[in-house]
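So you can see what is in the structure, the chains are spelled out below.
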Amino acid sequence: MSKANQWMQELGLSDEKFQSIVGELKTAVEQHNNKVPYETFENQLKNSGFSKADAQKFMAILYNKGLYLETINSWDYKPFELVKYIRQLES
């Protein structure tokens, strides 16, 4: 099992729930022309029930799956934990 899939299980995310959250993020991302600020993106995930740490783990999963790359790569600031999670999924 991949690390991303393991994290999805730890977060209690079915494929349907994952897709639902991705859909919720789409509106915020489109409103900002794919350059939604980090804080807004994180807050959207927190509104979906994630803690800060779990939101960052979810962002790493998105990145690993090739979703919202333009948005995530546009952030001047990426918390250390998010960068760490992304690197863990890349290795």
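Worth saying up front: this structure is predicted, and the values here are computed from it rather than measured.

Visitor: Go over the overall build of the chain with me, naming the residues and quoting the values.
Guide: Along its length, the chain carries six helices and zero strands. N-terminal to C-terminal, the α/β element order of the chain is α-α-α-α-α-α. Scaling as 2.2 N^0.38, a compact globule of 91 residues should have a C-alpha radius of gyration of about 12 Å, and the chain matches this with 12 Å. Residue burial in the chain is summarised as follows: out of 91 residues, 37% are buried. Partitioning the contacts of the chain with sequence separation of at least 6, the portion at a separation of at least 24 is 63%. Of the roughly 5,200 Å² that the chain leaves accessible, carbon and sulfur atoms contribute 44%. Side-chain charges of the chain comprise 11 positive and 12 negative groups, with the mean position of each set lying 4 Å from the other.

Calculation criteria
- Residues numbered from 1 in each chain as written.
- Predicted model: local features only at pLDDT ≥ 70, side-chain atom pairs only at ≥ 80, totals over all residues.
- Heavy atoms only, no water.
- Helix = DSSP H or I, 4+ residues; strand = E, 2+ residues; numbered from the N terminus.
- Rg over C-alpha atoms; globule rule 2.2 N^0.38 Å.
- Buried < 20%, exposed > 50% of the residue type's maximum accessible area, 1.4 Å probe, protein only.
- Contact = heavy atoms within 4.5 Å.
- Areas by Shrake-Rupley, 256 points an atom, 1.4 Å probe, with all protein chains shown as cover.
- Lys, Arg positive; Asp, Glu negative; His and termini not counted.
- Charge placed at Lys NZ, Arg CZ, Asp CG, Glu CD.

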